Protein chains: 2
Amino acid sequence: MEITELPKGYTKDELIQPQTKLSESNLKSMLRSMNLKVTNQRLSILKALNKGPKTHVTAKDVFERVSAEYPNIGFATVYRFLKETSRFGITSELRIGYAPTRYELKVREHHHHIVCTKCGKIVEFQNEIIEDQIKKVGKDHNFSIEHHIFELYGFCNNPNCCK
Amino acid sequence: MEITELPKGYTKDELIQPQTKLSESNLKSMLRSMNLKVTNQRLSILKALNKGPKTHVTAKDVFERVSAEYPNIGFATVYRFLKETSRFGITSELRIGYAPTRYELKVREHHHHIVCTKCGKIVEFQNEIIEDQIKKVGKDHNFSIEHHIFELYGFCNNPNCCK
DNA sequence: CCAAAGATGAAAATGATTGTCATTTTTATT
DNA sequence: AATAAAAATGACAATCATTTTCATCTTTGG
C-alpha cells in the first residue's frame with residue numbers, strides 16, 4: 001500500500017498531547033502576532049486546525065470544515081493562510097510521501113511521527129537524545145538549525161493491521 | 001529565500017563519500033536484481049544517477065542527462081523507472097521543501113542532510129547515536145522501521161553565504 | 001527466430017499549489 | 001460614525017510535477 005492519506009482518527013494514547021481548547025481571543029491574538037488582519041475566514045481556519053480528533057489536516061480538510069461555516073470561502077484563501085501560519089511558526093507543515101501537505105497547530109508539543117506503510121497508522125513520539133544530537137550536529141557543521149523533518153516509516157506489528 | 005533547488009555542486013569535503021564508478025555489468029545486474037528488463041534507457045538512467053558532482057538529482061536532471069544519449073527518451077520513462085529504483089531500494093528519494101523529488105543512488109553510504117535555507121547549500125552528515133535511537137523508538141512502539149526521513153534546516157554561518 | 005511479457009514515447013489527464021485581478025473588508029484615523 | 005489606504009477575499013486561470021493511457025516497439029526465454 002502506498003501512503004496517500006492519513007488514517008481517519010487517532011486513539012488517545014497515540015497522541016503526545018490531547019487537543020487544547022483555544023478561545024476566540026486566543027485566536028485573534030495569534031493573528032495580531034502575525035501582523036495579519038482579523039477576518040472571520042482566518043478565525044474559522046484556525047478553529048478548524050484546532051478541531052480534533054484529526055490533528056494533521058490538509059488544505060482540503062480545512063476547506064471542507066470551513067465551508068460549513070463560510071460556504072463561499074475560496075480554496076486560495078485557505079492555501080494562502082495555511083502557508084502563512086507555517087511561515088510564522090503557528091503551524092508546522094507535514095509532508096509525508098506523495099500526500100498533500102498537512103498542517104498542525106504548534107500549540108501541541110514538539111514530536112515526530114512513525115507511519116505504518118501498510119495501514120497508514122500514525123503514532124507520535126518524542127526523543128530527547130535525538131533532539132540533543134540535532135543541536136550537536138548543527139554546532140559541528142556551523143549551522144544554526146531552525147527546524148527539522150524527521151519521520152519514521154515501517155510496519156506496525158499490530159494484529160489488527162491489514163497484512 | 002524559499003528553497004526550490006539544490007546548489008549546482010558540492011565541495012568534496014561536504015560529501016560523505018565520493019562518487020563510485022559503476023561498470024556496465026554492475027548496472028546490468030542491478031536491473032536483473034530488480035527483475036526488470038535490461039534496456040539502454042534504463043542503463044543510461046542509472047549512469048546518469050551515478051554521474052557527479054551533483055549526486056541528488058531530479059527526474060528533470062536525469063531526463064536532460066539521458067537526452068544527450070537518447071534524444072527520444074520520454075519523460076514518463078524516466079519517472080517510471082526512478083520510482084521503481086526507489087521501490088527496489090536502489091535509490092533513495094529526497095523530498096525537500098516544495099522542490100521536485102530528488103533521487104540518489106544508494107551505493108553511497110547512509111547519511112542525512114543539512115540544508116541552508118538562505119543559500120541552498122547542502123552538507124551531509126552521519127550520526128550513530130541517532131541511528132541507534134531510531135531503532136529504539138521502533139522497538140518501543142512495536143514497529144519494524146524500514147526507512148526514515150531526516151533533514152535539518154537552518155542557516156550556514158559561512159561568510160560567503162548570502163545574508 | 002518467435003511469441004509472450006514487458007518497456008517505451010507521446011500526449012492527455014490529474015491534482016496540488018500558486019498567481020492574477022477586480023471587488024470587498026478591515027482598521028487606523030479623522 | 002465616516003473614510004481612505006492597505007490588506008484580504010473569491011473566482012478562475014495558470015503552473016508544474018507526476019501519472020495514466022495506449023498504440024507501438026524491444027527484450028528474452030525457449
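Small disclaimer: the values here were computed from a predicted structure and weren't measured.

**Focus on the domain arrangement of chain A**
How large an interface is tends to be reported as the accessible area lost when its parts come together.
Residue and element names in this part refer to chain A.
Right, so step 1: Considered domain by domain, chain A is made up of domain 1 (18-107) and domain 2 (110-163).
Right, so step 2: Taken residue by residue, the interface counts six residues in domain 1 and six residues in domain 2.
Right, so step 3: Summed over both partners, the interface of domain 1 with domain 2 comes to about 440 Å²; 62% of that surface belongs to carbon and sulfur atoms.
Right, so step 4: Linking domain 1 with domain 2 are zero salt bridges, by the criterion used here.
Right, so step 5: For the pair domain 1 and domain 2, the interface holds three residue pairs in polar contact (both at pLDDT 80 or more).
Right, so step 6: Taken together, the residues of the side of domain 1 that touches domain 2 sort by class into two nonpolar, three polar and one charged.

**With respect to the interface of chain A and chain B**
Right, so step 1: Counting residues at the interface gives 38 residues for chain A, matched by 38 residues for chain B.
Right, so step 2: Approximately 3600 Å² of surface area, both sides summed, lies buried where chain A meets chain B, with 61% of it carried by carbon and sulfur atoms.
Right, so step 3: Taken together, the connections running from chain A to chain B amount to zero salt bridges.
Right, so step 4: Taken together, the connections running from chain A to chain B amount to twelve residue pairs in polar contact (both at pLDDT 80 or more).
Right, so step 5: Of all the secondary structure elements, the ones that give two or more residues to the side of chain A that touches chain B are β4 (112-116), β5 (122-125), α5 (128-140) and β6 (143-156) of chain A.
Right, so step 6: Ranked by the residues each element gives to the side of chain A that touches chain B, the list is headed by β6 of chain A, at 14 residues.
Right, so step 7: Grouping the constituent residues of the side of chain A that touches chain B by class yields 19 nonpolar, twelve polar and seven charged.
Right, so step 8: Pairing analysis gives 13 bridges linking β6 of chain A to strand β6 (residues 143-156) of chain B, with the strands arranged antiparallel. When the bridges of β6 of chain B are listed, C156 of chain A appears paired with F143 of chain B.

**Overview of the relation of the copies chain A and chain B**
Right, so step 1: Rotating chain A by 180° and moving it 0.1 Å along the rotation axis overlays it on chain B with an RMSD of 0.1 Å. Such values leave the two copies arranged in the relation of a two-fold axis. Ranked by how close their C-alpha atoms come to the rotation axis, the residues of chain A are headed by F150 of chain A, at 2.2 Å.
Right, so step 2: Most of the interface of chain A is mirrored in chain B, where 100% of its interface residues are also at the interface.

**Concerning the protein's contact with DNA strand C**
Right, so step 1: Neighbouring DNA strand C are 20 residues; K83 and T101 of chain A together with T39, R42 and T77 of chain B lie closest to it.
Right, so step 2: When the atoms of DNA strand C within 4 Å of the protein are grouped by moiety, sugar and phosphate amount to 75% of the total.
Right, so step 3: Between K37 of chain A and DNA strand C, the recorded distance is 3.4 Å, taken from a side-chain N or O atom to a base oxygen.
Right, so step 4: One of the side-chain N or O atoms of T39 of chain B is found 2.7 Å from a phosphate oxygen in DNA strand C.
Right, so step 5: Split into classes, the residues belonging to the surface near DNA strand C amount to seven nonpolar, seven polar and six charged.

**Concerning the protein's contact with DNA strand D**
Right, so step 1: Lining the immediate surroundings of DNA strand D are 19 residues, of which T39 and R42 of chain A together with Y79, K83 and T101 of chain B lie closest.
Right, so step 2: Those atoms of DNA strand D that come within 4 Å of the protein belong to sugar or phosphate at a rate of 75%.
Right, so step 3: At the level of secondary structure, the elements contributing two or more residues to the surface near DNA strand D comprise α2 (40-49) and α4 (75-87) of chain A together with α4 (75-87) of chain B.
Right, so step 4: If one sorts the elements of the surface near DNA strand D by residue count, α4 of chain B sits on top with four residues.
Right, so step 5: Looking at the surface near DNA strand D, its residues break down into seven nonpolar, six polar and six charged.

**Quick notes on the packing of aromatic side chains**
Right, so step 1: Using the criterion set out here, one finds seven aromatic pairs over all chains in the structure.
Right, so step 2: An angle of 50° between the planes, with centres 4.8 Å apart, marks the rings of F150 of chain A and F150 of chain B as tilted. Taken together, the residues span two chains, with F150 of chain A in strand β6 and F150 of chain B in strand β6. Side by side, F150 of chain A and F150 of chain B carry an identical accessibility label, which is buried.

Here is what the cut-offs are and how they apply
- Residues numbered from 1 in each chain as written.
- Chains lettered and ligands numbered in written order.
- Predicted model: local features only at pLDDT ≥ 70, side-chain atom pairs only at ≥ 80, totals over all residues.
- Heavy atoms only, no water.
- Domains from an automatic or database assignment.
- Contact = heavy atoms within 4.5 Å.
- Buried area = accessible area lost by both parts, 1.4 Å probe.
- Salt bridge = Lys/Arg side-chain N within 4 Å of Asp/Glu carboxyl O.
- Polar contact = N/O pair within 3.5 Å; in protein donor to acceptor, adjacent residues only side chain to side chain.
- Nonpolar A, V, L, I, M, F, W, Y, C, P; charged D, E, K, R; others polar.
- Helix = DSSP H or I, 4+ residues; strand = E, 2+ residues; numbered from the N terminus.
- Pairing = 2+ DSSP bridges.
- Least-squares fit on C-alpha atoms with pLDDT ≥ 70 in both.
- Near = heavy atom within 4 Å.
- Phe/Tyr/Trp six-rings, centres within 6.5 Å; stacked < 30°, edge-to-face > 60°.
- Buried < 20%, exposed > 50% of the residue type's maximum accessible area, 1.4 Å probe, protein only.

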